[in-house]
Amino acid sequence: MLKYTLSLFLLIQASNRWEVVQFFLFFLSFLFGILSSHYFLISSLGSMLGCDFISFILIFLSLWIMGLVVMSSYKIKFEGNHSSLFLIVNILLLIFLVVTFSSMDYLLFYISFESSLIPTLILILGWGYQPERVEAGIYMLFYTLFASLPLLVSLLSIYSSDFSLTLNVVSQVNSFDFIGVIWYFASVFAFIVKLPMYLFHLWLPKAHVEAPVAGSMILAGVLLKLGGYGLIRILPLFSGMNKLYSGLWISVAILGGFIVSMMCLRQVDIKSLIAYSSVAHMGLVLCGLVVFGWWGLNGAVVVMVGHGLCSSGLFCLANMVYERIGSRSLLISKGLLSFMPSMGLWWFLLSIGNMAAPPTLNLLGEVNLIMSVVSWSSLTMLGISLLSFFSAAYTLYMYSLSQHGVFFNSVYSVCSGKVREYLILFLHWFPLNILILKGSMLIPLY
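Keep in mind that this is a model prediction, so the values were computed, not measured.

1. Here we look at the UniProt feature "domain: NADH:quinone oxidoreductase/Mrp antiporter transmembrane" (unreviewed entry) in the protein
Under the UniProt annotation, "domain: NADH:quinone oxidoreductase/Mrp antiporter transmembrane" (unreviewed entry) lies at residues 103-390. The straight-line gap between the two end C-alpha atoms of residues 103-390 is 38 Å; of that span, 76% is helix and 0% is strand.

2. What about empty space enclosed by the protein?
In total, this model carries two cavities of 30 Å³ or more according to the counting rule given. Estimated volume of the largest cavity: approximately 60 Å³. Lining of the largest cavity is provided by Ala280, His281, Leu284, Glu366, Leu387, Ser388 and Ser391. Put simply, the parts of the chain that give the lining of the largest cavity at least two residues each are helix H13 (270-291) and helix H18 (380-403). Of the residues contributing to the lining of the largest cavity, the split by class is three nonpolar, three polar and one charged. Here the second largest cavity is characterised by a volume of approximately 30 Å³. In terms of residue count, helix H14 (residues 294-325) provides more of the lining of the second largest cavity than any other element does, three residues in total.

3. Things to note about the packing of H13 against H18
What describes two packed helices is the angle between their axes and the distance between those same axes. In the contact formed by H13 and H18, the axes pass within 11 Å of each other and the chain directions differ by 160°. Taken together, the axis directions place H13 and H18 in an arrangement best described as roughly antiparallel. As for how H13 packs across H18, the hand of that crossing is left-handed. Contacts between H13 and H18 involve Ile270, Leu273, Ile274, Ser277, Ala280, His281 and Leu284 from the first element and Leu387, Tyr394, Tyr397 and Met398 from the second. When its residues are assigned to classes, the contact of H13 with H18 shows nine nonpolar, two polar and no charged.

4. Comments concerning the layout of surface pockets
In this model, the largest pocket occupies a volume close to 370 Å³. For the largest pocket, the lining is made up of 16 residues, of which Phe60, Pro431, Leu435, Met441 and Leu442 are closest to its centre. Among the residues making up the lining of the largest pocket, the classes are represented as 15 nonpolar, one polar and no charged. Size it by volume and the second largest pocket reaches roughly 300 Å³. As for the second largest pocket, its lining consists of eleven residues, of which Pro236, Phe292, Gly293, Trp294 and Leu297 are closest to the centre.

5. Description of the environment of Gly257
Among the secondary structure elements, Gly257 is positioned in helix H12 (residues 239-264). Given a relative accessible area of 2%, Gly257 falls into the buried group. The spatial distance from the C-alpha of Gly257 to the C-alpha of Met282 is 8.5 Å, given a sequence separation of 25 residues. Not counting chain neighbours up to four residues away, the residues in contact with Gly257 comprise Val252, Ala280 and Leu387.

6. Describing helix H1 (residues 2-11)
Among all positions in H1, only Tyr4, Thr5, Ser7, Leu8 and Leu11 are buried. Take H1 and look down its axis: the buried residues cluster within an arc of 160°, on one side only. Away from its buried face by more than 90 degrees, H1 exposes Lys3 and Leu10. Of the surrounding secondary structure, the elements contacted by the buried residues of H1 are helix H2 (18-35), strand E2 (49-51) and helix H5 (83-102).

7. So, the packing of aromatic side chains
According to the stated counting rule, one finds 30 aromatic pairs in the structure shown. With a centroid separation of 6.2 Å and 20° between ring planes, the pair formed by Tyr139 and Tyr143 is classed as stacked. Here Tyr139 and its partner Tyr143 are both found in helix H8 (residues 133-162), four residues apart, which amounts to about one turn of the helix. Here a set of aromatic residues connected by ring pairs shows up, and it is made of Trp183, Tyr184, Phe185, Phe238, Tyr245 and Trp249. Residue placement shows Lys194 over the ring face of Phe113; its charged tip is 5.7 Å from the ring centre. Sitting over the face of the ring of Tyr139, Lys206 holds its NZ or CZ atom 4.8 Å from the ring centroid.

8. Points about the packing of H1 against H2
Interhelical geometry of H1 versus H2 gives an angle of 175° and a closest axis separation of 11 Å. One way to sum up the angle between H1 and H2 is to call them roughly antiparallel. Counted together, Tyr4, Ser7, Leu8 and Leu11 of H1 and Val21, Phe24, Leu25, Leu28, Leu31, Phe32 and Leu35 of H2 form the full contact between these two elements. For the contact of H1 with H2, the per-class residue count stands at ten nonpolar, one polar and no charged.

9. Observations regarding helix H10 (residues 203-210)
In terms of residue burial, H10 counts as a mostly covered element, since seven of its eight residues are buried. Listed as buried for H10 are Trp203, Leu204, Pro205, Ala207, His208, Val209 and Glu210. Its buried side turned inward, H10 meets helix H7 (117-127), H8, helix H9 (178-194), helix H11 (213-234), H13 and H14.

Analysis parameters
- Residues numbered from 1 in each chain as written.
- Predicted model: local features only at pLDDT ≥ 70, side-chain atom pairs only at ≥ 80, totals over all residues.
- Heavy atoms only, no water.
- UniProt positions renumbered as here; feature names shortened; annotations may be inferred.
- Helix = DSSP H or I, 4+ residues; strand = E, 2+ residues; numbered from the N terminus.
- 1 Å grid on protein atoms, 1.4 Å probe; cavity = no way out; pocket = protein on both sides within 12 Å on 5 of 7 lines; lining within 4 Å.
- Points joined across faces, edges and corners; volume = space filled by probe spheres on them.
- Nonpolar A, V, L, I, M, F, W, Y, C, P; charged D, E, K, R; others polar.
- Axes fitted to C-alpha atoms, helices over the stretch in contact; angles between N-to-C directions.
- Parallel < 35°, antiparallel > 145°, perpendicular 65-115°, else oblique.
- Left-handed = near helix turned anticlockwise from the far one by under 90°.
- Contact = heavy atoms within 4.5 Å.
- Buried < 20%, exposed > 50% of the residue type's maximum accessible area, 1.4 Å probe, protein only.
- Arc of directions from axis to C-beta.
- Phe/Tyr/Trp six-rings, centres within 6.5 Å; stacked < 30°, edge-to-face > 60°.
- Lys NZ or Arg CZ within 6 Å of the ring centre and 35° of its normal.

Next comes the structure, spelled out in structure tokens:
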């Protein structure tokens, strides 16, 4: 894994050449996919880094999404808005993500997990659209830091008792007293906020609305997956305590997802609507992980990949509309079928992906998640049915309100997309729909 990390450091030298960086990121993602072997539990070991099946999938997703981020941010290059610094910040963020996903040591995982916050904050503050971006950045910073400091104390406590923080070597925490409860919540809370779960999600819509397209794509595509990945690594240490509190997480996640779906039906800001929909999807991922079953883990990983591709593509589409109309409001940007007719198909394809229609990855993942949660308790069927229905409802609301109706400008004009934009959308949609034919690629088989 060290060779991929060092190659990304070398890429910083080419930060004034956008085409070179873009080509290298896609080339590295193909190279990583071809050369990585998965015959063993963990491969590419060395320097406290390694790669198992889940790490491989999420590192591959990070490289792919970052290539698309550079591809979709050409406006920054053309405007000359510190374009070299923009690429350096994105490459540093990618390095932190790769180290986080491939870390074999809990302390290194924590350091790189927290370090990914800094480039994201610089992206929002440096290339955001409105003065409110400062408030959004502070929200994100304090939510994440407030939740993460107890995790550091928890990891140091584990080290003081085990004298090791190596992955799969640390023994389980079997304390069930009051201290054990505090220990469990301190460890899990950082990832619950990052995921984010309902009640701790307020930083997400603010960050998405104020972030540039690169910030939104990387937030939706990869950074939310840090929460799910962290839970996969931390929860096995607290398996006994997790059985006691899994009902709490599942009830809040499902009911919170339903409430957020109702809130989506009231949104007029298109980026805010897509951001709130992420909370509903990630609620199901949390349910699958705390149930502690293979169906739940498999479904969570597949939904994380599918949601990363789908949400990133929707944010990219919303930015294309924003660049032409100058507004994110659904009340102003309606009737887009008459203004951007060739984009209507891409809105439809990514919208049905967001509501988990076949043949998208989201369908495969949500079927797995629903089976795992219903097998845990049949009472959850009511909440899941409401969540599934309203997630389809707000997606149809977003599509119909943006595409149909009368365009606000009475002048008849057509503004089709560029070839580069169609390529970006295709590279989001193609893996989202084609990977279901080879679902075993995304299922952790160890």
